[in-house]
Amino acid sequence: MAKAQKSFACSACGSVYNRWQGKCDDCGEWNTIQEHASSVSGAPKGLSQKKGSAVNLVALSEPLAESPRLMSGIAELDRALGGGLVPGSAILVGGDPGIGKSTLLLQAMGALSLKGEDCIYISGEEATAQIQMRAKRLGLSGAPLKLGCETSLRNILTTLDEGAAPKAVVIDSIQTLFADHVESAPGTVSQVRVCAHELISFAKRRGTVVLIVGHVTKDGQIAGPRVLEHMVDTVLYFEGDRGHQFRILRAVKNRFGGTDEIGVFEMTGSGLNEVSNPSELFLADHSVREPGTCVFAGIEGSRPLLVEIQALVARSSAANPRRAVVGWDSGRLAMVLAVLDARAGLGLSGCDVYLNVAGGLKISEPAADLAVAAALMSSLSQTALPEETVVFGEISLSGDVRSVAQSDNRLKEATKLGFSRAIMPKNKKLGKTKLSVQTVSRINDLVAQFFPDAI
Ligand code: TYD
Ligand code: MG
């Protein structure tokens, strides 16, 4: 008999190794590699002579029987999903503990069940009384939602398979589930994978939407949602800063829609409220401008979003000046600083630089480069930008300012929110706008036009 081989897996991303190592080569996490009960010992050399059954092949052009999407009734959730829940799909909702995953899904299931859909909420973390108390606080005590507290996968599947298939099921969370035929503790890579596989097969077999909650963990004690990302149809991450009440639901994978849509929520005493106009929320009072602040006209998915960018630049005597960034990429900041130094001669290398995106939002668009540069120059020269101004544009290493996508949408949103000026790259295709547009083609133009004192 072949000797059972030891195998190791990363609890953050699920990569498999045949010996232990301190750092995962795939995701770069430290101390997340643990011994993993491998169920395949002495894998067969090839398929034996035994025949399988033939697969039923279907023509691509064959008319499909499409069942309509389920609308959860929470518009921001439906938007992040690309237009509602697809029957038979498996959706992973990841996020830090305490960010509001259970609250969001309880609200969604409550709303769906109030529309007459058969929904089940299974929690392995909380007792029914706790969930009932939360539902009361969320104003959902009257919702005909079925609750269950269970961690055994076998019992859950038996319950779900009884009678007519429910429309939607929430499993909160995958890390608490336990499959009794796998010899490892709940939350390990093997348990999480097996449980998710069974739940996904159930979803496909019965046409039920299965929403799986997965906690993001930093210490690698339990397997994180990345282990499951490739198995499910849709991956949503619920993010936000604990200190702020805003929460953003972001699709990072979606087999039934785009991945650039976001849903914005606000956590209140009575649950999550939808925010249909996020710009108003992320902007501080924009009529009074301070040196070091700048309003960036960004785009999240199909939606324009105005946010305030704050910078603080101070001369430093340290050999290695401090660079701290919240809400933006620190590599990107280093690049913008280097371009400002090399192409505009700003001399920022001897300064401490702090950059913050207001409201706890994380921006990943390169279009924010010009707004960041403007905030930095404004702080350095102690000169405020003109009032009611939005800024956007990408900066290249040569110091050129390049045009970015959806300029018209950005300007439209700025007009809607009462802005009167825009600083942006040259764009030949720009439609009509009420804003007074000042174009910059090189980073030096920005310095010359607005911050002559910065040099
Ligand atoms: P929860 O949904 O339990 O988080 P997760 O499932 O992601 O771990 O949300 C927990 C936090 O949300 C908790 O710290 C309290 C806060 N909260 C409110 O502020 N208002 C509410 O109405 C609810 C239900 C929770
Ligand atoms: Mg929870």
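Calculation rules
Residues numbered from 1 in each chain as written. Chains lettered and ligands numbered in written order. Predicted model: local features only at pLDDT ≥ 70, side-chain atom pairs only at ≥ 80, totals over all residues. Heavy atoms only, no water. 1 Å grid on protein atoms, 1.4 Å probe; cavity = no way out; pocket = protein on both sides within 12 Å on 5 of 7 lines; lining within 4 Å. Points joined across faces, edges and corners; volume = space filled by probe spheres on them. Helix = DSSP H or I, 4+ residues; strand = E, 2+ residues; numbered from the N terminus. Nonpolar A, V, L, I, M, F, W, Y, C, P; charged D, E, K, R; others polar. Domains from an automatic or database assignment. Phe/Tyr/Trp six-rings, centres within 6.5 Å; stacked < 30°, edge-to-face > 60°. Buried < 20%, exposed > 50% of the residue type's maximum accessible area, 1.4 Å probe, protein only. Lys NZ or Arg CZ within 6 Å of the ring centre and 35° of its normal. Pairing = 2+ DSSP bridges. Salt bridge = Lys/Arg side-chain N within 4 Å of Asp/Glu carboxyl O. Near = heavy atom within 4 Å. Polar contact = N/O pair within 3.5 Å; in protein donor to acceptor, adjacent residues only side chain to side chain. Buried area = accessible area lost by both parts, 1.4 Å probe.

1. Quick word on the layout of surface pockets
Quantified by volume, the largest pocket comes out at close to 370 Å³. What lines the largest pocket is a set of 18 residues, and nearest its centre among them are Asp96, Val216, Thr217, Lys218 and Tyr237. At 4 residues, strand S9 (residues 234-240) tops the list of elements feeding residues into the lining of the largest pocket. Of the residues that constitute the lining of the largest pocket, the class distribution is 7 nonpolar, 5 polar and 6 charged. Formed jointly, the lining of the largest pocket draws a minimum of three residues from each of two domains, domain 1 (4-39) and domain 2 (75-276).

2. Section: the packing of aromatic side chains
For the coordinates displayed, the defined rule picks out 2 aromatic pairs. Here the aromatic rings of Phe238 and Phe265 are separated by 5.9 Å at their centres, their planes lie at 80 degrees, and the arrangement is edge-to-face. One end of the pair, Phe238, is in strand S9; the other, Phe265, is in strand S11 (residues 262-268), and 27 residues separate them in sequence. Accessibility classification places Phe238 together with Phe265 in one group, the buried group. Aromatic side chains Phe450 and Phe451 sit 6.4 Å apart centroid to centroid with 55 degrees between the ring planes, which places their arrangement in the tilted category. Look at Phe451 and you get buried, because its relative accessible area is 0%. Arg410 extends its terminal NZ or CZ atom over the ring of Phe392, reaching a point 5.4 Å from the ring centre.

3. Comments concerning the sheet that holds strand S2 (residues 16-17)
The strand order S2-S1-S3 describes an open sheet built from 3 strands, whose pairing is antiparallel. Across the chains shown, the open sheet's two edge strands, defined by having one partner strand only, are S2 and strand S3 (33-36). Where strand S1 (residues 7-10) and S2 come together, 2 bridges link them in antiparallel fashion. Counterpart to Ala9 in the pairing with S2 is Val16.

4. Focus on unusual backbone geometry
Backbone torsion omega between Asp172 and Ser173 reads 0 degrees, so that peptide bond is classified as cis. Tracing the backbone shows Ser173 in the loop between strand S7 (168-172) and helix H5 (189-206). Phi at Gln382 is positive, roughly 55 degrees, even though this residue is not glycine. The topology assignment puts Gln382 in the loop between helix H8 (369-381) and strand S17 (389-391). Classification of Gln382 by relative accessible area gives exposed; the value is 56%. Here the phi dihedral of Gln406 falls at roughly 55 degrees; this positive angle occurs in a residue that is not glycine. Here Gln406 lies in the loop between strand S19 (401-402) and helix H9 (407-416).

5. Notes on the pattern of salt bridges
Under the definition given, this model contains 17 salt bridges. Salt-bridge contacts for Lys167 lead to Glu117; the nearest nitrogen and oxygen are separated by 3.3 Å. Of the two residues, Lys167 sits in the loop between helix H4 (153-161) and S7 while Glu117 sits in the loop between helix H2 (101-114) and strand S5 (119-123), which places them 50 residues apart along the sequence. Classification of Glu117 by relative accessible area gives partly exposed; the value is 22%. Between Asp180 and Arg154 there is a salt bridge, with the nearest N and O atoms lying 2.8 Å from each other. Note that Asp180 is positioned in the loop between S7 and H5 and Arg154 in helix H4, a separation of 26 residues in sequence. We classify Asp180 as partly exposed; its relative accessible area is 44%.

6. Considering the site of ligand 1
Of all residues adjacent to ligand 1, which total 17 residues, the nearest are Gly98, Ser102, Thr103, Thr268 and Gly271. Interatomic distance of 2.6 Å between a backbone N/O atom of Gly98 and an oxygen atom of ligand 1. Gly271 places a main-chain nitrogen or oxygen 2.7 Å from an oxygen atom of ligand 1. Taken together, the elements giving at least two residues each to the shell around ligand 1 come down to H2, helix H3 (128-137) and S11.

7. Digging into the domain arrangement of the chain
Split by domain assignment, the chain resolves into domain 1 (4-39), domain 2 (75-276) and domain 3 (280-450). For domain 2 versus domain 3, the distance between C-alpha centres works out to 37 Å. At the boundary of domain 2 with domain 3, total buried surface from both sides reaches about 1100 Å², with 55% on carbon and sulfur atoms. Contact with domain 3 buries surface across domain 2, with Phe246, Arg250 and Ile262 losing the most and accounting together for 37% of the total. In this structure, Arg303 and Glu76 form a salt bridge, with 3.1 Å as the shortest nitrogen-oxygen distance. Put simply, domain 2 and domain 3 have 3 residue pairs in polar contact (both at pLDDT 80 or more) between them. Elements represented by at least two residues in the side of domain 2 that touches domain 3 include exactly helix H1 (75-80), strand S10 (246-254) and S11. A per-element tally of the side of domain 2 that touches domain 3 places S11 first, with 4 residues. Here the residues of the side of domain 2 that touches domain 3 are counted per class, giving 5 nonpolar, 3 polar and 7 charged.

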